[in-house]
Amino acid sequence: MTRGEAQQTKVHYKGTDEDFIVYVDSVDDLKKWKEDSSTPLAQVVSAFKIFITHKHGAQGALDTASDATLENEFETSNEEDVIKVILQRGTIQEVEGAERQGSKNDSMGSRAAH
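No experiment lies behind these values; they were computed from the predicted model shown.

J.: How do you make sense of unusual backbone geometry when you look at a structure like this?
T.: Outside of glycine, negative phi angles account for most residues, and trans bonds account for most peptide bonds. Backbone geometry places histidine 54, a non-glycine residue, at a positive phi of 55°. Residue position: histidine 54 is located in the loop between strand S3 (51-52) and strand S4 (63-64). Residue histidine 54 is classed as partly exposed on the basis of its relative accessible area of 37%. Backbone geometry places glutamate 75, a non-glycine residue, at a positive phi of 60°. Structurally, glutamate 75 is set in the loop between helix H2 (67-74) and helix H3 (79-89). By relative accessible area, glutamate 75 is classed as exposed at 68%.

Put into structure tokens, the structure is as follows:
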């Protein structure tokens, strides 16, 4: 997954009990996969991870979805099958990643006073 000021693309799927998120590399790759599902899924998703937001929509804090959560919503805990459903039925959202915050070099290298 990207860090810093990079563009992030995610697919949000609103389930009956949870909101699910899958990160994809780009909208174009996702559209190509939807048109031709023979395209390997590895060329579409950023990581084979499914996140939940605890009913906070697409903007909530992300946690990894448990097998039980996947089983309850999708009747399978096979992550590849679940990712396919989320990609087909979910909504695409592009977000600009925030700039990293915090100090960049606390010690100031050799310039620090002793």
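Moving on from the model shown.
J.: How should the packing of helix H1 (residues 27-35) against H3 be read in this particular structure?
T.: For any two helices packed against each other, the geometry is given by the interaxial angle and the distance between the axes. Between H1 and H3, the least distance of the axes is 11 Å, while the angle of their chain directions is 100°. In terms of orientation, H1 and H3 fall into the roughly perpendicular class. Contact with H1, carried on its side by Leu30, Trp33 and Lys34, involves Lys84, Leu87 and Gln88 of H3 and no other residues of that element. Of the residues assigned to the contact of H1 with H3, the class counts are three nonpolar, one polar and two charged.

Rules used throughout
- Numbering of residues starts from 1 in every chain and runs along the sequence as written.
- Given that this is a predicted model, residues contribute local features only at a pLDDT of at least 70 and side-chain atom pairs are listed and counted only at 80 or more, while totals for whole chains, interfaces and linings are drawn from all residues.
- By convention in this description, side-chain values take in all heavy atoms of the structure and omit both hydrogens and water.
- Counting from the N terminus, the helices are DSSP H or I runs at least four residues long and the strands are E runs at least two residues long.
- The classification of residues rests on relative accessible area computed with a 1.4 Å probe and restricted to protein chains. Under 20% of the type maximum is buried, over 50% is exposed, and intermediate values are partly exposed.
- Helix axes use the C-alpha atoms of the stretch in contact, all axes being lines fitted to C-alpha atoms, and the angles between their N-to-C directions lie in the range 0 to 180 degrees.
- Oblique is the label for any angle not covered by the other classes, which are roughly parallel (under 35 degrees), roughly antiparallel (over 145) and roughly perpendicular (65 to 115).
- Note on contacts: a residue pair qualifies if any of its non-hydrogen atoms lie within 4.5 Å across the two residues.
- Residue classes follow a fixed rule: Ala, Val, Leu, Ile, Met, Phe, Trp, Tyr, Cys and Pro count as nonpolar, while Asp, Glu, Lys and Arg count as charged, and any other residue, Gly among them, counts as polar.

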